Number of protein chains: 2
Amino acid sequence: MAFARVAIIGLGLIGSSIARAIKERLPQVTVTGHDASAEVRGIAGELGLCDTIAGDPVATVADADLVILAVPVGRMADAAVAIGPGLKPAAIISDVGSSKAGVADALAKALPDHVVIPAHPVAGTENSGPAAGFSTLFEGRWCIVTPAAGAPEDAVTALIGFWQALGAKVDIMGAAHHDMVLAVTSHLPHLIAYTIVGTASELEEVTESEVIKYSAGGFRDFTRIAASDPVMWRDVFLANKDAVLATLQRFNEDLTVLQQAIRRGDADKLEDWFTRTRAIRRSIIEQGQDDAAPDFGRKH
Amino acid sequence: MAFARVAIIGLGLIGSSIARAIKERLPQVTVTGHDASAEVRGIAGELGLCDTIAGDPVATVADADLVILAVPVGRMADAAVAIGPGLKPAAIISDVGSSKAGVADALAKALPDHVVIPAHPVAGTENSGPAAGFSTLFEGRWCIVTPAAGAPEDAVTALIGFWQALGAKVDIMGAAHHDMVLAVTSHLPHLIAYTIVGTASELEEVTESEVIKYSAGGFRDFTRIAASDPVMWRDVFLANKDAVLATLQRFNEDLTVLQQAIRRGDADKLEDWFTRTRAIRRSIIEQGQDDAAPDFGRKH
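Residues numbered from 1 in each chain as written. Chains lettered and ligands numbered in written order. Predicted model: local features only at pLDDT ≥ 70, side-chain atom pairs only at ≥ 80, totals over all residues. Heavy atoms only, no water.

- Per an unreviewed UniProt entry, chain A carries the name prephenate dehydrogenase and comes from Sphingopyxis fribergensis.
- For chain A, the Sequence similarities (unreviewed entry) comment in UniProt is given as "Belongs to the prephenate/arogenate dehydrogenase family."
- UniProt, in its Catalytic activity (unreviewed entry) section for chain A, records the words "prephenate + NAD(+) = 3-(4-hydroxyphenyl)pyruvate + CO2 + NADH". (UniProt positions renumbered as here; feature names shortened; annotations may be inferred.)

1. Section: the sheet that holds strand β6 (residues 115-116) of chain A
Residue and element names in this part refer to chain A.
Part 1 of the reasoning: Read across the sheet, 6 strands follow the order β3-β2-β1-β4-β5-β6 without closing on themselves; strand pairing throughout is parallel. Two strands close off the open sheet at either side, each with one partner strand: β3 (52-53) and β6.
Part 2 of the reasoning: Examined bridge by bridge, strand β4 (residues 66-69) and strand β5 (residues 92-95) share 4 bridges and lie parallel to one another. Paired with Leu69 across the strands is Asp95, a residue of β5. (Pairing = 2+ DSSP bridges. Helix = DSSP H or I, 4+ residues; strand = E, 2+ residues; numbered from the N terminus.)

2. Some details on the environment of Ala119 of chain B
All names here are of chain B.
Part 1 of the reasoning: Along the chain, the position of Ala119 falls in strand β7 (residues 119-121).
Part 2 of the reasoning: For Ala119, a relative accessible area of 0% translates into the label buried.
Part 3 of the reasoning: Separated by 53 residues in sequence, Ala119 and Ile172 place their C-alpha atoms 9.0 Å apart.
Part 4 of the reasoning: In this view, Ala119 contacts Ser94, Asp95, Val96, Gly97, Lys100, Cys143, Ile144, Val145, Leu159 and Trp163; residues no more than four positions away in its chain are not counted. (Buried < 20%, exposed > 50% of the residue type's maximum accessible area, 1.4 Å probe, protein only. Contact = heavy atoms within 4.5 Å.)

3. So, the UniProt feature "domain: Prephenate/arogenate dehydrogenase" (unreviewed entry) in chain A
Part 1 of the reasoning: The feature "domain: Prephenate/arogenate dehydrogenase" (unreviewed entry), as annotated in UniProt, sits at residues 4-292 of chain A in this numbering.
Part 2 of the reasoning: Structurally, residues 4-292 of chain A comprises 53% helix and 11% strand, and the distance from its first C-alpha atom to its last is 39 Å.

4. Side note on the sheet that holds strand β8 (residues 142-145) of chain B
All names here are of chain B.
Part 1 of the reasoning: Strand order in the open sheet formed by 3 strands is β7-β8-β9, and the pairing between neighbours is mixed. The outermost strands of the open sheet, each flanked by one partner alone, are β7 and β9 (169-172). The average undirected angle you get between the axes of adjacent strands in this sheet is 20°.
Part 2 of the reasoning: Where β8 meets β9, 4 bridges bridge the pair, whose relative direction is parallel. Bridging across to β9, Val145 finds its partner in Ile172.
Part 3 of the reasoning: Helix α6 (residues 153-165) contacts β7, β8 and β9 of the sheet and is inclined by roughly 150° relative to β9. (Axes fitted to C-alpha atoms, helices over the stretch in contact; angles between N-to-C directions.)

5. Considering the interface of chain A and chain B
Part 1 of the reasoning: With 108 residues of chain A at the interface, the matching set in chain B holds 108 residues.
Part 2 of the reasoning: Each partner contributes to the roughly 10300 Å² buried at the junction of chain A and chain B, and carbon and sulfur atoms together form 65% of this total.
Part 3 of the reasoning: Counting every contact that joins chain A to chain B gives 18 salt bridges.
Part 4 of the reasoning: Arg281 of chain A is paired through a salt bridge with Glu126 of chain B; the nearest N and O atoms lie 3.9 Å apart.
Part 5 of the reasoning: Applying the counting criterion to the chain A and chain B interface returns 46 residue pairs in polar contact (both at pLDDT 80 or more).
Part 6 of the reasoning: Listing elements by their share of the side of chain A that touches chain B, those giving two or more residues are β8 (142-145), α7 (175-200), α8 (208-213), α9 (219-225), α10 (230-239), α11 (241-264) and α12 (267-286) of chain A.
Part 7 of the reasoning: In terms of residue count, the dominant contributor to the side of chain A that touches chain B is α7 of chain A (19 residues).
Part 8 of the reasoning: Each residue belonging to the side of chain A that touches chain B can be placed in one class, and the counts come to 51 nonpolar, 28 polar and 29 charged. (Buried area = accessible area lost by both parts, 1.4 Å probe. Salt bridge = Lys/Arg side-chain N within 4 Å of Asp/Glu carboxyl O. Polar contact = N/O pair within 3.5 Å; in protein donor to acceptor, adjacent residues only side chain to side chain. Nonpolar A, V, L, I, M, F, W, Y, C, P; charged D, E, K, R; others polar.)

6. Regarding the domain arrangement of chain A
Residue and element names in this part refer to chain A.
Part 1 of the reasoning: Partitioning chain A into domains gives domain 1 (5-173) and domain 2 (177-297).
Part 2 of the reasoning: At the junction of the two partners, domain 1 supplies 19 residues and domain 2 supplies 18 residues.
Part 3 of the reasoning: Taken together, the two surfaces of domain 1 and domain 2 that pack against each other cover about 1400 Å², and 57% of this comes from carbon and sulfur.
Part 4 of the reasoning: The largest contributions to the domain 1 side of the interface with domain 2 come from Ser98, Glu126 and Met173, which together make up 35% of the buried area.
Part 5 of the reasoning: Counting the contacts that link domain 1 with domain 2 gives 1 salt bridge.
Part 6 of the reasoning: For Arg224, the salt bridge goes to Glu126, with nearest N and O atoms at 2.9 Å.
Part 7 of the reasoning: Linking domain 1 with domain 2 are 7 residue pairs in polar contact (both at pLDDT 80 or more).
Part 8 of the reasoning: Looking at the side of domain 1 that touches domain 2 residue by residue, the classes come out as 6 nonpolar, 8 polar and 5 charged. (Domains from an automatic or database assignment.)

7. Some details on the side chain of Thr277 of chain B
Part 1 of the reasoning: Tracing the sequence through the fold places Thr277 of chain B in helix α12 (residues 267-286).
Part 2 of the reasoning: Under the relative-accessibility criterion, Thr277 of chain B is labelled buried at 1%.
Part 3 of the reasoning: Those residues in contact with Thr277 of chain B that lie beyond four places of it in its chain are Tyr194, Val197, Gly198 and Ala226 of chain A.

8. Remarks on helix α1 (residues 13-25) of chain B
All names here are of chain B.
Part 1 of the reasoning: For α1, spanning 13 residues, the distance from its first C-alpha to its last is 18 Å, which sits close to the expected 18 Å at 1.5 Å a residue.
Part 2 of the reasoning: Counting buried positions along α1 yields 10 of 13 residues, so the element is predominantly enclosed.
Part 3 of the reasoning: Restricting attention to buried positions, one finds in α1 the residues Leu13, Ile14, Gly15, Ser16, Ser17, Ile18, Ala19, Arg20, Ala21 and Ile22.
Part 4 of the reasoning: Those residues of α1 hidden inside the fold are in contact with β1 (5-9), β2 (30-34), α2 (38-47), β4 (66-69), β7 and α6. (Expected span 1.5 Å × (residues − 1).)

9. Overview of unusual backbone geometry
Residue and element names in this part refer to chain B.
Part 1 of the reasoning: Here Asp63, not a glycine, exhibits a phi torsion of approximately 70°, which is positive.
Part 2 of the reasoning: By secondary structure assignment, the location of Asp63 is in the loop between α3 (57-61) and β4.
Part 3 of the reasoning: One non-glycine residue, Asp295, lies in positive phi territory at about 60°.
Part 4 of the reasoning: Tracing the chain through its elements places Asp295 in the segment after α12.

10. Overview of the relation of the copies chain A and chain B
Part 1 of the reasoning: You can overlay chain A on chain B at an RMSD of 0.0 Å; the transform is a turn of 180° with a shift of 0.0 Å along its axis. Taken together, the rotation and translation describe the operation of a two-fold axis.
Part 2 of the reasoning: Looking at the interface residues of chain A, 100% of them are also at the interface in chain B, so both copies use one shared face. (Least-squares fit on C-alpha atoms with pLDDT ≥ 70 in both.)

11. Points about the pattern of salt bridges
Residues and elements named next belong to chain B.
Part 1 of the reasoning: Applying the stated rule across the entire model yields 38 salt bridges over all chains.
Part 2 of the reasoning: For Lys100, the salt bridge is made with Asp95, and the minimal N-O distance between the two is 2.9 Å. Per residue, the accessibility class of Lys100 equals that of Asp95, and both read buried.

The following block contains the structure:
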């Protein structure tokens, strides 16, 4: 099963990158696009991201073999309801949301008569909007597909083949496990980064301009992910509340342990901890999940 | 006052980068080097970092106009005592430590008859050792000089000129204020990164290999600074204990506020917070303190 026609609902960073990757890697596929924002549709049109871009979601999905919802997870249900009347019976519906259990439920409820196979490409940048996308965003990155029990095997296989064609590596797991894995690897880091950037900007003792000026000491790494799309991340934290709060509790315990070690002057505990974390970095680089160049390869 | 002879005590990332930058930008200056580790001295010798490298700190500083201590802050006092007998009376002693008030006290006590002017180049990478250094490390970065009240003006001017010659921009501030500024911009981010990387590697629900595999979702940004030198950072947290614990308390307050917003489903509070932090990132990029390329310019 190959897709002749793909519809993308939501033309931000991820949606527009999918459109670009299809143009480049699957030129035989017809891509239609829709975004709720007329401004975004206008920019996407100027960029030539899709074969057609429509203001009407129903028209956008007409005849589509695959529809990908690339909207914030809090808007998935509404987006699914809006496309419902235009879907052909055999269409496969998927998404790119960063949390999966809640989205899977919402899509299944909104489209009870269609094949829904949730997915999450673990890729992105801190920038947002249709102009921020690029065709190589998914190359070498993981896409996690979370089919419900009983999902048609040929549809799952087709969706996997689609993501592989865009350059991604694909894994399959249950939605609940996905949400716990991402809570640790993505949601908690974002929450921590958002927190510390907020904290630093509101201290009485240190001005915001000092924080900005001396950010090369470590702080600037946190600002990158704390610059990610506010609406998208608001929705992720609300949709994956339980897993986020559970991992946050574990983080708080560990932070308290290190806080106590500093207060007590427990040098050995600090050095042991810091030596252990270094090994994790090495594994990430060995597995090709990050750039080994010092300082991320920033120019000096 | 220009320096004809500079001695560097400690040939790790920072010390070796100073040596390289001098070779490249101040070729008329003679550089002598020492490291307590014979292995490090051997590597530095093979790399040709200094004109001479000695196992004896006293011999290393003989005739030096400027001596830079580039050792972990916990070793500054011992390093200062060790060079004492070799210093010529007019020598200026400086350092590169990431905390300043404690180091300034320790150096003043160890070398009461010499001019000591503490400094901190806010630059580095996650890598350690003499092979990790490079000559452009300080280019466009800030170096904070924290002279004590009554420090000789010509010596301060000479040290500023030295760092400018290596490509750095120089600021002057008091040691205590430096320590608060760096607690926010560097020490707290490192502590948080060390914590979360430790937390993620010890969860029961998610394996370490899953954490590594899906780290592109945000986690890998934290692993970079959590790979920094364990001994250096152990010493920084102990030396700047009060400021670190004070900023950590503020961070904890803010984290509790966001935690509560997630638990209560307070979408507006989350979106407002995340919108505010995005502006900080923009300022950092506008001021040239980070790369504007998406995802730090990593290859895709």
